[in-house]
Amino acid sequence: TTASPCSQSLLGKSDEQSGSLVRHRNRKKSFNRIMGKEKSKTGPLARRPDNSAFKQQRLPAWSPMLTASTVLPFFYLLALTCMLLGVWLLLTVQRTQEIKVDYTEAGSCDVCFEMRKNMSKAGQKCTCMITFSIEKAFKGDVFIYYGLRNFHQNLRRYMDSRDDGQMVGRKSSLKSPSSYCKPFDVDANGVPIAPCGAVANSMFNDSFLLTYYTINGPSIVPLLRKGLTWYTDKNVKFRNPKADNQTLAEVFEGTTQPSFWQKPVYKLDPFDPTNNGFINDDLIVWMREAAFPNFKKLYGILYRANKPYTNGLPAGNYSVIISYNFPVQYFRGRKELVLTTVSWFGGQNHFLPVAYLVTSSLILLTAVVLTVVWWKFGKDGRNMAE
Amino acid sequence: MAPLQKAQIVKMIKTSKEHPITLAIGDGANDVSMILEAHVGIGIMGKEGRQAVRNSDYAIPKFKHLKKMLLVHGHYYYIRISELVQYFFYKNVCFIFPQFLYQFFCGFSQQPLYDTAYLTLYNISFTSLPILVYSLMEQHINMDILKKDPSLYKDIAKNSLLRWPTFIYWTVLGVYDAIVMFFGAYFLFDNTTFTSNGQMFGNWTFGTLVFTVLVFTVTFKLVLDTHYWTWINHFVIWGSLVFFVLFSLLWGGIIWPFLNYQRMYYVFMQMLSSGPAWLSIILLITAGLLPDVVKKVIWRAMWPTITERIQDADKLYKGQLSEFTPLASLQAPPKAGGRRRGSENQRNPRRSAAFSKKLMFTRWQRRPDYCTFTPLLRLVDGHSPHHNAYGGAEPETCV
């Protein structure tokens, strides 16, 4: 199309192509020249993409390849490392010791077990005794756990039923617990519960008194009942509501204890203000829900300042006096007491060393197979260009 | 020819026995019907106006550009998209299957294994950028070699990288990885103390451990699959992992005032402060990736595809292979070629083919069920270096 004389005079330029297109392009060109972007591309190659490395997909790159020759040395090294690690871990684990005693119905606890089947007697105390013996002394720090079987702390509604805002000490949440805690948020009279929720409500409340039979008679094994929790749990995540010159009981005024508890939260440890209220170690340990239905939680650590426990637990006969409160027959669960020593690697856990040894032998096997394959096929021609 | 006749020819090929994917290219108005009829229509911006271009899927200025478009860009696109699809399913299988397995242990109460932040951000932040950059940047073979050797296109013909065997392989790999991750962590946690101070870990630590192994495993899987490492690949891959760690530290490092639950508080740090956690993370990642690495290396040594041969050759010549290197010198007579082994790319007889000096000679042991592009390329290249293309059954219909 040719520009008409009228528009030609207006344009001041003539072009083969349509007038408006040229006008636009000229305007853009002069604009670009003013702005410093000198892109004077015209003609048939006007819309060609840039010849940059990025746009032409020619960025410098590294092209590795998984061939036998690159992978094999790595495999051998890996097999060796895993083997060494597995052996070392196995030796470490062999030195730990563990003893588990299932006390649901053991010793004189079957009486308590029968009594706890009856809900009306829930307020009555029941104590029982079990005995066990240790053949080899437990050297080092000894940790005492209580274990539960078939108790699903990882059920979704159970795990949701808590109020972390209340337990971190927010005054606003203290008297108005979150709705997730229903039906454990208020009691029958509408008084808010602190701590609310099913998790706190079902807190484990058996207690143990460990006795060791020395030649001079029975001696109570001293246990540290503090330092059981994560540092951050005890000091940051769980805090009592701020008490400005009030006692803890006054701070919790207007709330009531969970329905399954025997005492209110500010009486969990009346002798130690750093272990009372929400920051009670047992409560915090219980509130950290276990991952699986068979779990154990820390109850106490052996206090090794005095003889004869300076090196750990000596061999011999032991008995445990248990205040049996937690009923387990409703969910066909079992209760047990666990004593164990730990190394840097943790408790008695045979899985990791065995897994390392198995993995190392598998890697070694595949490395040998790959070597054979590479020797027979890879070296002489299958993959080579000439 | 009339437009209708051209369209009818394309239709005839489309409905022929092999049901091939058809491509039609033209520059004039009478090519429009044919372009619309074919699966892929290409218009050339020519002297006959813009009709063909307007109706086409792709437009090129000159006919010679078809070669690079087909052999290079088309090939790259296919490699990238097939890996994207397979990888996406794989990483989500790895993600969800442990959650599924966990239900057996939590009374089928739909308790999630991972924290909600992890659930939300897994597919958005932690694993999205690496595969995105892969699908934009990956070049499994140099461009010049692709242009030179059209037979490489046979490696991906008939949608070979997205067929059922390949997809099942990726899914089985995902399930295997998920089982390794979950049960590896399970046996570690099963009623044992994990720390040196006797304290126990809980539910969220377990989930975070599995999640950490998951993110690292799927990212390293992509690391093993990437052939073309530009700085962008490095940046997004290592950056995603670093971002995951930093996010976890940040998420668990503060008592967030707007959140009602504080379940992730300090969980990640506590997990990292435990020696067995580190050891098990390393072990589980290794165990998860091992089968795939072994499979890749063995397949590459025993039954290399043309692609892999060219990659090795390229490595050998250190990039001196260009468009003009005669490839007839590249040959590798297979040793145990008699016995055919099934592989991910079924129905591809080239693996057991005896390569001779004539590059395109293949012995078809099965009925060839796809069209090759050789006759088309003879036109394009203008010379015919490949004689005696096939011994055996000819493909029945060929453009």
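Residues numbered from 1 in each chain as written. Chains lettered and ligands numbered in written order. Predicted model: local features only at pLDDT ≥ 70, side-chain atom pairs only at ≥ 80, totals over all residues. Heavy atoms only, no water.

Going by what an unreviewed UniProt entry lists, chain B is known as P-type ATPase C-terminal domain-containing protein and is assigned to Oryzias javanicus. Listed in UniProt under the heading Subcellular location (unreviewed entry), the comment for chain B reads: "Membrane". (UniProt positions renumbered as here; feature names shortened; annotations may be inferred.)

Chain A goes by Cell cycle control protein in an unreviewed UniProt entry, where it is assigned to Oryzias javanicus. Looking at chain A in UniProt, the text filed under Sequence similarities (unreviewed entry) is "Belongs to the CDC50/LEM3 family." Of chain A, the UniProt comment under Subcellular location (unreviewed entry) reads exactly: "Membrane".

Colleague: Let's hear about the UniProt feature "transmembrane region" (unreviewed entry) in chain B: which residues, and what values?
Modeller: Residues and elements named next belong to chain B. Look at the UniProt record and you will see "transmembrane region" (unreviewed entry) annotated at residues 87–105, 117–137, 167–189, 201–223, 235–259 and 265–290. As annotated, residues 87–105 comprises 89% helix and 0% strand, and the C-alpha atoms at either end are separated by 28 Å. Each end of residues 265–290 is marked by a C-alpha atom, and these two atoms are 34 Å apart; helix forms 85% of the span and strand 0%. (Helix = DSSP H or I, 4+ residues; strand = E, 2+ residues; numbered from the N terminus.)

Colleague: Tell me about the nonpolar core, residues and numbers included.
Modeller: Ranked by size, the top nonpolar core spans 74 residues in total, and within it Tyr118, Phe206, Phe211 and Leu214 of chain B carry the most contacts. Leave out the neighbours within four places in its chain, and Leu214 of chain B touches Cys94, Phe95, Tyr114, Tyr122 and Met181 of chain B. Residues Phe113, Met167, Leu337 and Val338 of chain A belong to the second largest nonpolar core, which totals 66 residues. (Core = buried A, V, L, I, M, F, W, Y, C linked by side-chain atoms within 4.5 Å. Buried < 20%, exposed > 50% of the residue type's maximum accessible area, 1.4 Å probe, protein only. Contact = heavy atoms within 4.5 Å.)

Colleague: Give me the environment of Phe208 of chain A: which residues, what numbers.
Modeller: Residue and element names in this part refer to chain A. Relative to the elements of secondary structure, Phe208 occurs in strand β5 (residues 207–214). In this structure Phe208 comes out as buried when scored by relative accessible area, which is 9%. Separated by 64 residues in sequence, Phe208 and Ile144 have C-alpha atoms that sit 9.8 Å apart. Leave out the neighbours within four places in its chain, and Phe208 touches Tyr103, Tyr146, Tyr299, Val320, Ile321, Ile322 and Leu337.

Colleague: I'd like to hear about the sheet that holds strand β3 (residues 58–60) of chain B, residue by residue, with values.
Modeller: Residues and elements named next belong to chain B. One open sheet accounts for 3 strands, arranged β1-β2-β3; its pairing is parallel. Only two strands of the sheet have a single partner each, and these edge strands are β1 (23–26) and β3. Taken over all neighbouring pairs, the strand axes of this sheet differ in orientation by 20° on average, direction set aside. Bridging between strand β2 (residues 40–44) and β3 involves 3 bridges; their strand directions are parallel. When the sheet's bridge partners are listed, Gly43 is paired in β3 with Ala59. The sheet strands contacting helix α4 (residues 65–103) are β1, β2 and β3, and the helix crosses β3 at an angle near 140°. (Pairing = 2+ DSSP bridges. Axes fitted to C-alpha atoms, helices over the stretch in contact; angles between N-to-C directions.)

Colleague: Which residues make up the state of the cysteines, and what values go with them?
Modeller: Residues and elements named next belong to chain A. Scanning the entire structure with this criterion turns up 3 disulfides over all chains. Across a sulfur-sulfur distance of 1.8 Å, Cys112 and Cys126 are joined as a disulfide pair. Torsion about the S-S bond of the Cys112 and Cys126 cystine: about -90°, corresponding to left-handed handedness. Of this pair, Cys112 sits in helix α4 (residues 109–116) while Cys126 sits in the loop between α4 and β2 (127–134), placing them 14 residues apart in sequence. Classification of Cys112 by relative accessible area gives buried; the value is 1%. At a sulfur-sulfur separation of 2.0 Å, the disulfide partner of Cys181 is Cys196. Here the S-S torsion is close to 45°, and the disulfide linking Cys181 with Cys196 is therefore right-handed. Taken together, the residues Cys181 in the loop between α7 (171–174) and α8 (198–201) and Cys196 in the loop between α7 and α8 connect sequence positions 15 residues apart. A single burial state applies to Cys181 and to Cys196, both of which are buried. Each bonded cysteine of chain A gets a number by its place in the sequence, and the pairs then read 1-4, 2-3, 5-6. (Disulfide = S-S within 2.5 Å.)

Colleague: Hey, could you go over the side chain of Ser173 of chain A for me, with residue numbers and the actual values?
Modeller: When you line up the elements, Ser173 of chain A lands in helix α7. Dropping the residues within four chain positions of it, Ser173 of chain A is found in contact with Asp163, Gly165 and Gln166 of chain A.

Colleague: Tell me about the UniProt feature "transmembrane region" (unreviewed entry) in chain A, and please be specific about residues and values.
Modeller: Per the UniProt record, "transmembrane region" (unreviewed entry) is found at residues 71–91 and 354–375 of chain A. Along residues 354–375 of chain A, the helical share is 100% and the strand share 0%, with 31 Å between the first and last C-alpha atoms.

Colleague: Can you explain the sheet that holds strand β8 (residues 295–302) of chain A? Please cite residues and give values.
Modeller: One key point about sheets: their strands pair by backbone hydrogen bonds, in either a parallel or an antiparallel sense. Residues and elements named next belong to chain A. As summarised here, the arrangement of the 5 strands in space is β1-β11-β4-β8-β7, forming an open sheet in which the pairing is antiparallel. Two strands bound the open sheet, and with one partner strand each, they are β1 (98–102) and β7 (223–224). As defined by bridge partners, β7 adjoins β8 across 2 bridges and the pair is classed as antiparallel. Its bridge partner lying in β8, Leu224 is registered against Ile301.

Colleague: Explain the packing of aromatic side chains to me, using residue names and the numbers behind them.
Modeller: Applying the stated criterion across every chain, the model contains 71 aromatic pairs over all chains. Each ring, one from Tyr146 of chain A and one from Phe204 of chain A, has its centre 4.0 Å from the other, and the planes form 5°; the classification is stacked. On the criterion of sequence distance, the pair formed by Tyr146 of chain A in strand β4 (residues 142–149) and Phe204 of chain A in the loop between α8 and β5 is long-range, its members being 58 residues apart. You can call Tyr146 of chain A buried: its relative accessible area is 4%. Using a relative accessible area of 6% as the deciding quantity, one classes Phe204 of chain A as buried. For the ring pair Phe126 of chain B and Phe244 of chain B, a centre distance of 5.1 Å and an interplane angle of 80° mean the geometry is edge-to-face. Linking Phe126 of chain B in helix α5 (residues 116–126) with Phe244 of chain B in helix α10 (residues 231–251), this pair joins segments that are 118 residues apart in sequence. (Phe/Tyr/Trp six-rings, centres within 6.5 Å; stacked < 30°, edge-to-face > 60°.)

Colleague: Which residues make up the interface of chain B and chain A, and what values do they have?
Modeller: With 90 residues of chain B in contact, the opposing surface of chain A contributes 79 residues. Buried surface at the junction of chain B and chain A, summed over both partners, amounts to about 7100 Å²; 60% is from carbon and sulfur atoms. When the buried area of chain B at its contact with chain A is split by residue, Asn191, Leu279 and Leu283 of chain B rank highest and sum to 9% of it. Linking chain B to chain A there are 17 residue pairs in polar contact (both at pLDDT 80 or more). Of the residues contributing to the side of chain B that touches chain A, the split by class is 50 nonpolar, 31 polar and 9 charged. (Buried area = accessible area lost by both parts, 1.4 Å probe. Polar contact = N/O pair within 3.5 Å; in protein donor to acceptor, adjacent residues only side chain to side chain. Nonpolar A, V, L, I, M, F, W, Y, C, P; charged D, E, K, R; others polar.)

Colleague: Give me the lowdown on unusual backbone geometry, citing residues and values where you can.
Modeller: A negative phi angle characterises most non-glycine residues, just as the trans form characterises most peptide bonds. Backbone torsion omega between Lys182 of chain A and Pro183 of chain A reads -5°, so that peptide bond is classified as cis. You can see Pro183 of chain A is positioned in the loop between α7 and α8. In this structure, Pro308 of chain A follows Lys307 of chain A across a cis peptide bond, with omega equal to -5°. Counting through the fold element by element, Pro308 of chain A comes out in the loop between β8 and β9 (312–313). Residues other than glycine seldom take positive phi values, yet Asn245 of chain A does so here, at roughly 60°. In this fold, Asn245 of chain A is placed in the loop between α9 (231–237) and α10 (248–251). Exposure remark for Asn245 of chain A: the relative accessible area of 82% places this residue in the exposed category. Phi angles above zero are rare outside glycine, and Lys158 of chain B is one such case at about 55°.

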